[in-house]
Amino acid sequence: MSAYFKDKVVVVTGGTDGIGKALVDDLLQAGAKVATCGRDHDKLYRLQATYPSYHLHTMVADVSNENEARRLIESTIRNFGKVDILINNAGISMRALLKDASTEVIRRVMDINFFGAVYCTKYALESIIENKGTIVGVSSIAGYRGLPGRSAYSASKYALQGWLEAIKTELMDSKVHVMWVCPGFTTSNIRTAALDKDAQSHGETNMDEGKMMSAEEVSGHILKAISKKKRTLVLTFQGKETVFLNKFFPKLADWFTHRFYFKNGELVK
Ligand SMILES: NC(=O)c1ccc[n+]([C@@H]2O[C@H](COP(=O)([O-])OP(=O)(O)OC[C@H]3O[C@@H](n4cnc5c(N)ncnc54)[C@H](OP(=O)(O)O)[C@@H]3O)[C@@H](O)[C@H]2O)c1
């Protein structure tokens, strides 16, 4: 696997935490030239300081801002000459029932998780086509099964997958590889960073992070799937089970999902 990424230019959005950070670590170790972004300057500075002698380009950029997404891609091409692989990983979640949530929460989650991927892909596309490269969307099991309290998150991942499937078909003749990956529960910062009903980070979770797949393991699966040019990747037993159940027994999936996400009538956060 590591030989596959040697000298490839890879953009990973949201590379300062969780799955994105694990991808950046693995790709640099594998000899890739890596560009990444996040909204927090200090986290990017720490990442850059960890890899002084590696090919790492970092930039403060919010992918939901079209100009910042364009500048991330343009500066990557200026620094490294091209883009071979784009991993649209940056994402946030939410915790609020529709009756309580401001529409701003829904817009914000769609702007980052869906439009962020659209902007980065649009500006990298010419170079990816020239290099017969790869476009990846980091989706979720929520891209196959809508989840209560995470309605905008689910919508953003369904949108991402439908959009990637469409462009995959558009790009078939150009030999560009398009793939979406759906991690199950993964230990990361996503639950504490999730937006509450007022679009503020709610900063707490009552789920057990210790029982989840590690971000490092998810990164390993994603990189292997890229090197093997897989179409999709669904991770964890629980994740595969949910996708299967929702496809063939949707009413049962409604019941199980409700039971899992509401405890004593309260939404699980
Ligand atoms: N963890 C899970 O259980 C899980 C399961 C399925 C799918 N996923 C998906 O995996 C991806 C990564 O999530 P994670 O769990 O690793 O989350 P995480 O630990 O919260 O990391 C998210 C990363 O994205 C960056 N980011 C967030 N919003 C951004 C924006 N607007 N512009 C640029 N960067 C932004 C964050 O940095 P800043 O905050 O500094 O910007 C951070 O580096 C997401 O797409 C998520 O939906 C996660």
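Computed from a predicted model, the values in this text were never measured in an experiment.

Definitions and limits used
- The residue count restarts for each chain, going from 1 along the sequence in the order it is written.
- In keeping with the model being predicted, local features are shown solely for residues with a pLDDT of at least 70 and side-chain atom pairs are shown and tallied solely at 80 or more, while totals for entire chains, interfaces and linings include all residues.
- Side-chain measures here rest on the full set of heavy atoms in the structure, leaving out hydrogens and waters.
- For this description, a residue counts as near a given molecule or strand if any of its non-hydrogen atoms is within 4 Å of it.
- Polar contacts here mean pairs of N or O atoms no more than 3.5 Å apart (in protein, one a potential hydrogen donor and the other a potential acceptor; neighbouring residues in sequence count only if both atoms are side-chain atoms).
- For every accessible area listed, the method is Shrake-Rupley and the probe measures 1.4 Å; residues are considered covered only by the protein chains on display.
- Runs of E in the DSSP output that reach at least two residues are strands. Runs of H or I that reach at least four are helices, and both are numbered from the N terminus.
- Every axis in this analysis is a line fitted to C-alpha atoms, fitted for helices over the stretch in contact. Angles between the N-to-C directions lie between 0 and 180 degrees.
- Our angle categories are set so that under 35 degrees counts as roughly parallel, over 145 as roughly antiparallel, 65 to 115 as roughly perpendicular, and the remainder as oblique.
- Handedness of a crossing follows from how the near helix is turned relative to the far one, being left-handed for an anticlockwise turn of less than a right angle and right-handed for a clockwise one.
- Throughout, a contact is declared for two residues whenever any of their heavy atoms are within 4.5 Å.
- Note that Gly is not counted as nonpolar here; it falls among the polar residues with everything else outside the nonpolar set of Ala, Val, Leu, Ile, Met, Phe, Trp, Tyr, Cys and Pro and the charged set of Asp, Glu, Lys and Arg.
- When DSSP locates at least two bridges between a pair of strands, those strands are taken to pair.
- To pair, rings of Phe, Tyr and Trp, with the six-membered ring standing in for Trp, must have centres within 6.5 Å; the planes then decide the type, stacked if under 30 degrees apart, edge-to-face if over 60, and tilted in the middle.
- Type-normalised accessible area, obtained with a 1.4 Å probe on protein chains alone, sets the label of each residue: buried when under 20%, exposed when over 50%, and partly exposed for intermediate values.
- Here, a charge over a ring is recorded when the distance from Lys NZ or Arg CZ to the ring centre is within 6 Å and its angle to the ring normal is within 35 degrees.
- Each salt bridge in this description consists of a side-chain nitrogen of Lys or Arg and a carboxyl oxygen of Asp or Glu lying within 4 Å of one another.

I'd like a description of the site of the ligand, backed by residues and values.
In the region of the ligand, 31 residues are neighbours, and Thr16, Arg39, Asn89, Tyr153 and Ser188 sit closest. Within the contact set of the ligand, an oxygen atom lies 3.2 Å away from a backbone nitrogen or oxygen of aspartate 17. A distance of 3.1 Å separates an oxygen atom of the ligand from a polar atom in the side chain of arginine 191. Its free accessible area being 890 Å², the ligand has 95% of it covered by the protein chains. Breaking the shell around the ligand down by element, the ones donating at least two residues are α2 (18-29), α6 (151-170) and α7 (190-193).

Tell me about the packing of α2 against helix α8 (residues 215-227), and please be specific about residues and values.
Direction vectors running N to C along α2 and α8 enclose 60 degrees, while the axes themselves pass 8 Å from each other. In this view, α2 runs oblique relative to α8, as classed from their interaxial angle. Viewed along their axes, α2 and α8 form a crossing whose handedness is right-handed. Listed contacts from α8 to Gly18, Ile19, Ala22, Leu23, Asp26 and Leu27 of α2 are Ala215, Glu216, Val218, Ser219, Gly220, Ile222 and Leu223. Partitioned by chemical class, the residues of the contact of α2 with α8 number eight nonpolar, three polar and two charged.

Explain the sheet that holds strand β6 (residues 177-182) to me, and be specific about the residues and the numbers.
The seven strands lie next to each other as β3-β2-β1-β4-β5-β6-β7, forming an open sheet whose pairing is parallel. Each of the sheet's edge strands pairs with one partner strand only, and the pair in question is β3 (56-60) and β7 (232-234). Averaged over all pairs of adjacent strands, the angle between their axes in this sheet comes to 15 degrees, without regard to strand direction. As judged from the five bridges shared by strand β1 (residues 9-13) and strand β2 (residues 33-38), these two strands associate in the parallel manner. The partner of valine 12 across the bridge, within β2, is threonine 36. On the sheet, α6 packs against β5 (134-138) and β6 and is oriented at approximately 160 degrees with respect to β6.

Provide a residue-level description of the packing of aromatic side chains, including the pertinent values.
One pass over the structure, following the stated rule, counts 10 aromatic pairs. Measuring from ring centre to ring centre gives 6.5 Å for phenylalanine 244 and phenylalanine 249, while their planes differ by 55 degrees; the resulting arrangement is tilted. Using a relative accessible area of 46% as the deciding quantity, one classes phenylalanine 249 as partly exposed. An aromatic cluster is present here, built from Phe114, Phe115, Tyr119 and Trp163 joined pairwise through their rings. The cationic tip of lysine 8 hangs over the ring face of tyrosine 4; the distance from NZ or CZ to the ring centre is 4.3 Å. Over the ring of phenylalanine 260 we find lysine 263; its NZ or CZ atom is 5.4 Å from the centre of that ring.

Go over the packing of helix α5 (residues 103-130) against α6, please, and point to the residues and values.
Where α5 contacts α6, the two axes come as close as 8 Å, and the packing angle between them is 20 degrees. As the angle between them shows, α5 and α6 are arranged roughly parallel. For the pair α5 and α6, the sense of crossing is right-handed. In this structure, α5 uses Ile106, Val109, Met110, Asn113, Phe114, Ala117, Val118 and Thr121 to contact α6, whose residues at the interface are Ala152, Tyr153, Ala155, Ser156, Lys157, Ala159, Leu160, Trp163 and Ile167. Tallied by class, residues from the contact of α5 with α6 come to 13 nonpolar, three polar and one charged.

I'd love a proper account of unusual backbone geometry, names of residues and values included.
Phi at aspartate 7 is positive, roughly 65 degrees, even though this residue is not glycine. By the element assignment, aspartate 7 lies in the loop between α1 (2-5) and β1. Classification of aspartate 7 as partly exposed rests on a relative accessible area of 42%. Backbone geometry places lysine 175, a non-glycine residue, at a positive phi of 65 degrees. The topology assignment puts lysine 175 in the loop between α6 and β6.

Provide a residue-level description of the pattern of salt bridges, including the pertinent values.
What the rule picks out here adds up to 13 salt bridges. A salt bridge links arginine 107 to glutamate 104, with the nearest nitrogen and oxygen atoms 3.3 Å apart. Highlighted residues: arginine 107 and glutamate 104, both in helix α5, separated by three residues, approximately one helical turn. Between aspartate 198 and lysine 197 there is a salt bridge, with its nearest N and O atoms 3.3 Å apart. Lysine 197 sits in the partly exposed class, given a relative accessible area of 37%.

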